[in-house]
Amino acid sequence: MRTTGWVAMAVAMLATPPAGAAETTGQAALDRFADTLGYTYRVVDNRPQCPAGIEGCFLSTIALTLPDTLPEGLETKGLSLYFSFVTQLPLVESGIFSHRLINGDVQQLVLKPGATLRPGARHEVRLWGIGSNFSKAFAMPNAYLVADGLKPRVVAATRAVIDPDTGLEILPFVAPMTDEGRLATKSDADKTRWLTAERAFDVQAARLAPEAIGVVILPKPVKAVQGEGKAVDLGRGVALMLNGVDRSAIAPALAALGTGEGALPLRIRIDAAALSKPESYSLDVKSSGIAVTAYDAAGASHALRSLAQQAMFEGGKLAPLHIEDAPEYGFRGLHIDLGRNFHGRDEILKLVEAMATYKLNKLHLHLADDEGWRIEIPALPELAGIGSKRCHDPSEQTCILPQLGAGPDGTGGVNGHLSTADYVMIVKAAATRHIEVIPSIDMPGHSRAAIRAMEARYARLTAAGKTAEAGQYRLIDPADTTEYRSIQNYSDNTLNVCLPATYRFVDTVVDAIADMHKRAGVPLRTFHLGADETAGAWIKSPACKAMIAENGGDAGKLTPRFIERVSKSLAAKGLRVGGWSDGMGHTETANMPKQVQTNIWGVLHAGAIREGHDQMNRGWNAVLSIPDLGYFDMPYAPHPGEGGYNWASRGVDPYQVYGFMPDNLPANAATIRNIRAEGKPIEDKPALQPGRRVAGLQAQLWSETIRTDAQVDYMLFPRLLALAERAWSPAPWTPAYEAGAVYEWGDKRVDAAKLKTGWQDFAGRVAAQFPMLEKIGVAYRVAPPGARIVNGKLEANSMFPGTAIEYRIGDSGWTSYAGPVAVSGGVDVRSRSADGKRASRTVRVEPGR
């Protein structure tokens, strides 16, 4: 699913104040030092000459600037510095610190014997990491100081702040990244270039779309025709007449329509025989009334959502309209990672409403990972009580390690969990909007939060003399001496698949979540077990000796055996199993249930076709979760100011998502470059068997860098609208799939004219949807404008038509851009949201660049 690097800073001062010290010692001295310590993280070079024995490195630094006067009584003996760094860190250079890895992304720099801190001194620590830091998003906030017997204190310089113009979090301690030559790529083979304002202008100039007129419904209906005649005024209110559907099944969609009771007839009829497929509908808007015929209640709800969109655009007075509509794919999903950084009930409920507005029907909630457990399980209170909180507790008996810049206190929005009541409310809200909630507990890897929580349970019960009870849910073999590191650099994040306690744990968790669904009146249908990125654990576990022998001495086969066993257990409970394609693909098809959901997350140019075609050929329901299509934690564009990790793609913009061709994966090589911005063909192996097809599409939002709800909205929208369009409506530029066919970059078999025309229509409809998103409360991304200065005149354009643009010269105020304007020197440029309340990231344009 995800492989990348995190940078977080955490400072610990281990000191004991001398007896009889003045009042300024102790906590007050530590607090003062935290408030005055200078702290800067800088990415120096992504393509340096690496030190001997290190390959593929990058160089970054931490600079600590001490105050001119150290607080009285601050004891510096035993000083150590903790910081987080997700990639391997084989070499740290410092004149005063020595280094050791703690676990995961937490590192420690210990003050060397005899080293001292002098007032006003600046200390630079050089970090030679493996991989790259291509954007400022890799840094993490909330470095903190700790002294023995005192409360930890966050270094004030490392606190995140909210930009009042954009509403987004920024990290002031991260140095600007301006040297494109050293920071944008790792080698000359990488053709990636930052998307500057000038380059964005050229890209957008080739795709400029007119403002929408006519039908603006999104996703695009199969057929939509506006007629002539008198406008239909929804302000009159409607007289609802139902046939075959309860009002409760369409209540949220009716509420979105925003009209009260009145005289205009609104007839809704369920007639599966009259329509072709589930969720389909027809809609007729006439002066005599509005008529909806739907295959099912979901189709009726979709019809009302389409009506609400068009009504908002036309100000409540609609031209006569006829629509016939049905989804292209039955699975249209959104995945939200609550594990890495928590996002709560209210944000999820808002997203559920947005999903329903744009006809998405699967909500995949990632409820647990190494960095957090996010769902209450009443029988195992430590899971939420300890596993949902990150703080400074090296014993991890009250919380887990403060990964990802969580800070020392266990407070703040990145911590937390859904109570059973919260989860029941979400399931109910989703069901009334015809959205299935798919809970996910990643296993056997990505399980550190669960393991540490169950170790705390074990310690509590053992101390109480309840030894047998303590071992019932212990997820590790204490005699296991295996040494391993997961992709995220953990040494202890994998459930031991040879222990009966592990399967007892899985059953208890699944049964608890199933009970929550039952309480919501919505039976659990699918359980997602993750099954991805499992490290090389268990090799030296005595508990696994027999199981390894049963598998020919190959410990690597234990993960697929685990997946098969849990999948069968889920099937026995009447549940469909879901998992990520890398883990699922290693199972034996004969050992798996017939009903399997697999999320294909291989990168387009590196495994997507192999995994996708293989698992579709097995007869499984393959959902495309390909990063190039739907990893919305990737940046919108290759630029150091854009958030998100970039291990799979340097930029996933709405155009790329919109243009994706789900029914011909190899053909996407014609429109999507690889990670190094090279146009390359993709081998079609194995070929897709006749009659096989993807089940649908899913967007993913992994949350390592996403700490606020505003960031969630920014990363999802408007890209999610493009995925909703692609999951509901066909892509007519797609060539018919031919087994073995290979496509070059720009291949003429992909109809570029249809793609451009389709995009221009889509972009106009997206712009028309911004007021709807604002009504829901979604703080969608405002894209920076493209801009250039030609012959002394500033020219600017936008990704979406009608976007307001502003410019600023020097220290003057912002001025609305209405067309080319004479300027001298450089200019700052930005866009504004439809309601004018938020601005885009500011970009700089210079003459002649």
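For the structure itself, look to the data block above.
Residues numbered from 1 in each chain as written. Predicted model: local features only at pLDDT ≥ 70, side-chain atom pairs only at ≥ 80, totals over all residues. Heavy atoms only, no water.

Peer 1: Give a detailed account of the state of the cysteines, specifying residues and quantitative values.
Peer 2: Using the criterion set out here, one finds three disulfides in the structure. Between the sulfur of Cys50 and that of Cys57 lies a disulfide, 2.1 Å long from S to S. Residues Cys50 and Cys57 are joined by a disulfide whose S-S torsion is about -105 degrees; by sign, that bridge is left-handed. No difference in accessibility class separates Cys50 from Cys57, as the two residues are buried. Across the disulfide, Cys391 is cross-linked to Cys399 (sulfur-sulfur distance 1.8 Å). (Disulfide = S-S within 2.5 Å. Buried < 20%, exposed > 50% of the residue type's maximum accessible area, 1.4 Å probe, protein only.)

Peer 1: Tell me what's going on with the nonpolar core, and back it up with residues and numbers.
Peer 2: Of all hydrophobic cores here, the largest spans 144 residues; its most connected members are Trp373 and Phe505. Among the elements that take part in this core, helix H20 (residues 752-776) stands out by supplying ten residues, more than any other. Ala29, Tyr39, Leu74 and Ala143 belong to the second largest nonpolar core, which has 38 residues in total. (Core = buried A, V, L, I, M, F, W, Y, C linked by side-chain atoms within 4.5 Å. Helix = DSSP H or I, 4+ residues; strand = E, 2+ residues; numbered from the N terminus.)

Peer 1: Which residues make up unusual backbone geometry, and what are the values?
Peer 2: Each neighbour pair has its own omega, and for Met443 with Pro444 the value is 0 degrees, a cis peptide bond. Tracing the backbone shows Pro444 in the loop between strand S26 (436-443) and helix H9 (448-463). Residue Pro718 is bonded to the preceding Phe717 through a cis peptide linkage, with omega at 15 degrees. On the secondary structure map, Pro718 appears in the loop between helix H18 (709-716) and helix H19 (719-728). Unlike most non-glycine residues, Ala531 shows phi in positive territory, near 75 degrees. Although it is not a glycine, Asn791 sits at a positive phi angle of roughly 55 degrees. Structurally, Asn791 is set in the loop between strand S32 (786-790) and strand S33 (793-797).

Peer 1: Give a detailed account of H9, specifying residues and quantitative values.
Peer 2: Taking 1.5 Å as the rise per residue, H9 with 16 residues should run 22 Å; its terminal C-alpha atoms sit 22 Å apart, in good agreement. Buried residues of H9: Arg448, Ala449, Ala450, Ile451, Arg452, Ala453, Met454, Glu455, Ala456, Arg457 and Leu461, and no others. Against the buried residues of H9 lie strand S6 (97-103), strand S24 (368-369), strand S25 (372-373), helix H7 (381-385), helix H10 (467-470) and helix H11 (500-519). Just past H9, the residue Gly465 takes up positive phi, approximately 80 degrees. (Expected span 1.5 Å × (residues − 1). Contact = heavy atoms within 4.5 Å.)

Peer 1: Any details on the side chain of Thr482? Residues and values, ideally.
Peer 2: Locating Thr482 in the fold gives a position in the loop between H10 and H11. With a relative accessible area of 15%, Thr482 lands in the buried category. From its side chain, Thr482 meets the backbone nitrogen of Ile539 in a polar contact 3.1 Å long. Within the structure, Thr482 has its side chain in polar contact with the backbone nitrogen of Lys540 (distance 2.7 Å). Residue contacts for Thr482: discarding those within four places in its chain leaves Gly536, Ala537, Trp538, Ile539, Lys540 and Ser541. (Polar contact = N/O pair within 3.5 Å; in protein donor to acceptor, adjacent residues only side chain to side chain.)

Peer 1: Explain the pairing of strand S21 (residues 321-325) residue by residue, including any values.
Peer 2: Burial along S21 is one-sided: the face carrying Leu321, Ile323 and Asp325 is buried and the face carrying His322 and Glu324 is not. Of the strand pairs in this sheet, strand S14 (residues 223-226) and S21 are connected by four bridges, and their pairing is antiparallel. Among the inter-strand pairings, Lys223 is bridged to a residue of S21, identified as Glu324. (Pairing = 2+ DSSP bridges.)

Peer 1: Tell me about the sheet that holds S21, and name the residues and values.
Peer 2: Strand order in the open sheet made by the six strands is S14-S21-S18-S19-S17-S16, with mixed pairing throughout. Whereas interior strands pair on both sides, the edge strands pair on one side only; in this sheet they are S14 and strand S16 (238-243). On average, each strand axis in the sheet is tilted by 5 degrees relative to the strand beside it, whichever way the strands run. With five bridges connecting them, strand S18 (residues 281-286) and S21 associate as antiparallel partners. Residue Tyr281 lies in a different strand from S21, and its bridge partner there is Asp325. Along the sheet face, helix H5 (residues 297-313) touches S14, strand S17 (264-270), S18, strand S19 (289-294) and S21 and points at about 40 degrees away from the line of S18. (Axes fitted to C-alpha atoms, helices over the stretch in contact; angles between N-to-C directions.)

Peer 1: Describe in detail the packing of aromatic side chains, supporting the description with residues and values.
Peer 2: The tally for this structure, following the rule as stated, stands at 18 aromatic pairs. Note on Tyr39 and Phe173: the rings are 5.9 Å apart at their centroids and 80 degrees apart in plane angle, and the pair reads as edge-to-face. Residue Tyr39 is found in strand S2 (residues 38-45), and its partner Phe173 is found in the loop between strand S13 (169-170) and helix H2 (180-183); the two are separated by 134 residues along the sequence. Given the relative accessible area of 4%, Tyr39 is considered buried. Centre to centre, the rings of Tyr503 and Phe562 are 5.7 Å apart; their planes meet at 45 degrees, and the pair counts as tilted. With Tyr503 in helix H11 and Phe562 in helix H13 (residues 558-572), this pair connects stretches of sequence that are 59 residues apart. Accessibility assignment for this pair places Tyr503 and Phe562 in one class, buried. Of the aromatic side chains, those joined through ring pairs into one cluster are Tyr655, Tyr658, Trp733, Trp759, Phe762, Phe770, Tyr780 and Phe800. Looking at Arg565, its charged tip hangs above the ring of Tyr503, at a distance of 3.6 Å from the centre. Taking the ring centre of Tyr636 as reference, the NZ or CZ of Arg781 above it sits at 4.2 Å. (Phe/Tyr/Trp six-rings, centres within 6.5 Å; stacked < 30°, edge-to-face > 60°. Lys NZ or Arg CZ within 6 Å of the ring centre and 35° of its normal.)

Peer 1: How would you sum up the pattern of salt bridges? Please name residues and give values.
Peer 2: The tally for this structure, following the rule as stated, stands at 49 salt bridges. Residue Lys362 is joined to Glu436 by a salt bridge in which the shortest nitrogen-to-oxygen separation is 2.8 Å. Of this pair, Lys362 sits in strand S23 (residues 362-366) while Glu436 sits in strand S26, and the two are 74 residues apart along the sequence. Here Lys362 falls in the buried class, since its relative accessible area comes to 11%. (Salt bridge = Lys/Arg side-chain N within 4 Å of Asp/Glu carboxyl O.)

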